[in-house]
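Chain and residue survey
Given next are the chains, with one letter for each unit.
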Amino acid sequence: MTQQGLLFPRDLEAWHVWQGRQHRLRRIRTSLFPGRAGSFWLAVRGTAPSVLVGLDAETPTQLASLVRPIGLLPEISAAVLMPARRPDLLPPDGWRWLEVPPAGAPRTPVGGGPAARFSGADGAPDVLAAVRAVVTIGHFLPVGAIVNGWAETLGAIRVVVQHGLLTPHAPPLPAESHFLAFSDADGAFAAARRGDVICSTIGSQLLWAAGNEPSVPADSQRPVYLGQLHGAELPRGVKGRAAADFCRATGAMYRPHPAETDIASRAQHALWERTGIVVDRSRRPLRELGRPVISAFSTGVLEAAARGLPAWVVFPEAPQWLAEFWDRYGMRRWGGPPTASPSRPEREPAAAVAHHLAGLIGRSRQPPSEIEQTAPLPRRGRK
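Residues numbered from 1 in each chain as written. Predicted model: local features only at pLDDT ≥ 70, side-chain atom pairs only at ≥ 80, totals over all residues. Heavy atoms only, no water.

Describing the overall build of the chain
Rules: The numbering of helices and of strands both runs from the N terminus, where a helix is a DSSP run of H or I of at least 4 residues and a strand a run of E of at least 2. For this analysis, residues touch if any pair of their heavy atoms sits within 4.5 Å. Per-residue and other accessible areas follow the Shrake-Rupley method at a 1.4 Å probe size, with only the shown protein chains counted as cover for residues.
Along its length, the chain carries 12 helices and 13 strands. Put simply, of all contacts in the chain between residues at least 6 apart along the chain, 67% involve residues at least 24 apart. Carbon and sulfur atoms form 55% of the exposed surface of the chain, whose accessible area is close to 18,000 Å².

Observations regarding the pairing of strand β2 (residues 51-54)
Put simply, the rule is: Buried residues are those whose accessible area, probed at 1.4 Å on protein chains only, stays under 20% of the maximum for their type, while exposed residues exceed 50% and partly exposed ones sit between those limits. By the convention used here, strands pair only if DSSP detects at least 2 bridges between them.
Going residue by residue along β2, you find Val51 and Val53 tucked away on one face and Leu52 and Gly54 tucked away on the opposite face as well. Looking at chain direction, β2 and strand β3 (residues 78-82) are connected through four bridges and run parallel. Each residue of the ladder has a partner; that of Leu52, found in β3, is Ala79. In the sheet, β2 pairs with strand β5 (residues 133-136) via three bridges, with the strands oriented parallel. Across the sheet, the residue bridging to Val53 is Val135, located in β5.

What to know about the nonpolar core
Where we set the bar: The nonpolar core is taken to be a set of buried Ala, Val, Leu, Ile, Met, Phe, Trp, Tyr and Cys residues, with the residues joined through side-chain atoms within 4.5 Å.
Phe179, Tyr254, Phe325 and Met331 are the most contacted members of the largest nonpolar core, which totals 51 residues. Membership of the second largest hydrophobic core comes to 37 residues, among which are Trp41, Leu55, Leu66 and Val353.

Quick word on the pairing of β5
Alternating residues of β5 divide into Ala133 and Val135 and Val134 and Thr136, and every residue in both groups is buried. For β5 and strand β6 (residues 157-161), the ladder comprises four bridges, and the chain directions are parallel. Looking at the pairing, Val135 lines up with Val159 of β6.

Quick word on unusual backbone geometry
Although it is not a glycine, Glu176 adopts a positive phi angle of roughly 50°. The exposure class of Glu176 is exposed, given its relative accessible area of 59%.

Points about the packing of aromatic side chains
Threshold: Here is the rule: rings of Phe, Tyr and Trp (six-membered ring for Trp) pair when centre to centre is within 6.5 Å. Planes less than 30 degrees apart are stacked, more than 60 are edge-to-face, and the remainder are tilted.
Per the counting criterion, the structure on display carries 11 aromatic pairs. Consider the rings of Phe297 and Phe325, whose centres lie 5.9 Å apart with planes at 85°: the pair is edge-to-face. Highlighted residues: Phe297 in the loop between β11 (293-295) and α9 (299-306) and Phe325 in helix α10 (residues 320-329), separated in sequence by 28 residues. Each member of the pair Phe297 and Phe325 is classed as buried. Through successive ring pairs, a cluster of aromatic residues spans Tyr225, Phe246, Tyr254, Trp272, Trp312 and Trp334.

What to know about the pattern of salt bridges
So the rule is basically this: We count a salt bridge whenever a side-chain nitrogen from Lys or Arg sits within 4 Å of a carboxyl oxygen from Asp or Glu.
The full count for this structure, using the stated rule, is 15 salt bridges. We note a salt bridge from Asp88 to Arg86, for which the minimum N-O separation is 2.4 Å. Looking at Asp88, the relative accessible area reads 55%, which means it is exposed. In this structure Arg86 comes out as partly exposed when scored by relative accessible area, which is 26%. The network of salt bridges with common partners includes Arg10, Arg194 and Asp196.

Comments concerning the sheet that holds strand β10 (residues 253-255)
To keep things clear, this is the line we draw: Every axis in this analysis is a line fitted to C-alpha atoms, fitted for helices over the stretch in contact. Angles between the N-to-C directions lie between 0 and 180 degrees.
Strand order in this open sheet of four strands is β10-β9-β11-β12, and the pairing throughout is parallel. The open sheet has two free edges, formed respectively by β10 and β12 (311-313), since each of these has just one partner strand. For this sheet the average axis-to-axis angle between neighbouring strands, irrespective of direction, equals 25°. Relative to β10, strand β9 (residues 224-226) is paired through three bridges, and the arrangement is parallel. Note on β10: the bridge partner recorded for Leu226 is Arg255. Of the strands in this sheet, β9, β10 and β11 are in contact with helix α7 (residues 236-250), which crosses β9 at around 175°. Across the sheet, α9 is in contact with β9, β11 and β12; its angle to β12 comes to roughly 155°.

Regarding the packing of α7 against helix α8 (residues 263-274)
In plain terms, the rule: Angle categories are assigned with fixed cut-offs, so that under 35 degrees is roughly parallel, over 145 is roughly antiparallel, 65 to 115 is roughly perpendicular, and the rest are oblique. Should the near helix be turned counterclockwise from the far one by less than a right angle, the crossing is left-handed, whereas a clockwise turn marks it as right-handed. When residues are sorted by character, Ala, Val, Leu, Ile, Met, Phe, Trp, Tyr, Cys and Pro go into the nonpolar class, Asp, Glu, Lys and Arg into the charged class, and all the rest, Gly among them, into the polar class.
In contact at an axis separation of 12 Å, α7 and α8 are set at 25° when each is read in the N-to-C sense. When the axes of α7 and α8 are compared, the pair comes out roughly parallel. Crossing of α7 over α8 shows right-handed handedness. Between α7, through Arg236, Gly240, Ala243, Ala244 and Arg248, and α8, the contact on the second element is made entirely by Ala264, Ser265 and Trp272. For the contact of α7 with α8, a count of residues per class yields four nonpolar, two polar and two charged.

Some thoughts on α10
Within α10, seven of the 10 residues are buried, leaving the element largely enclosed by the surrounding structure. Looking only at α10, the buried set comprises Trp321, Leu322, Glu324, Phe325, Trp326, Arg328 and Tyr329. Its buried side turned inward, α10 meets α5 (184-190), α9 and β12. Looking one or two residues beyond α10, the residue adopting positive phi is Gly330, at roughly 70°.

Below, the structure is given as structure tokens:
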């Protein structure tokens, strides 16, 4: 096995170009109907936040990776930047809200008070002057890009929390960042050829939670196939054929990914239904279906295994990177024994993130060499 790491270990712009090429219809639609840049919202707890979280989406993985740790640090003044004003997503700790316009012009905080001042068109609000660490899933989405840019001017430490499984097509990590990985193997994979990245292993909060949730025992032999038509890692047509062939051969039910809402995906679902494939439109949680789980490389395979459900991966003539991906995560091929439940770390991963942040912000005034020596389980990426 090669396991050489990311295809774009440093060049974020090249990664964006590659992404655009995989989603041509989306790129054409965006060029014809460019969206209007909207404001972001900054939630502030306390008077001088030392930690700034960048939340790009309201997905379970991001909420588990980024918001849960802040809830475990009620004594720390913190801030969260997000695309919309959603108090229900945050811990109930008395947050105040500030609208942050795209151009960085000053706005009045919600509920009155003096207008926040910005240091420039792309500068951070003055309320963030004491921030010592920024926490994101990376700098490849709008909020993450803003927050990691602010880190440069604030002199803050960049912390990236792994929120999903890593393929070679994942975006590169921000420069000089601390990567909190699911495993040693994931840390080495993401930081390969990166001497500026420090890795620590904390585990997956999503899988930890899955292992704690009650699950309906598998009372049916009819599998459910987890769709991934939205992803760019494999050609869409090949993924569609693989899913359809498996469902026809086994009688499996196809469960669309939540992102499969575009016109092409909806048309594909309708075509499959006309040809006899059952498409699960119930939106019931996977744990309630009580069925064996199959996919090409979905995180849902590991979630199901963590809950004690039988789960496998399948893909005809899998490329080398996919076979290596299966091996790195212990995913078992269809036809053999099911995937084993992922190993659980001794500490809840969100608590490990919180512990890591508390240590970093307490030492952020130290020279970088001293921080590296005392940070939990640090390892530099391979150059």
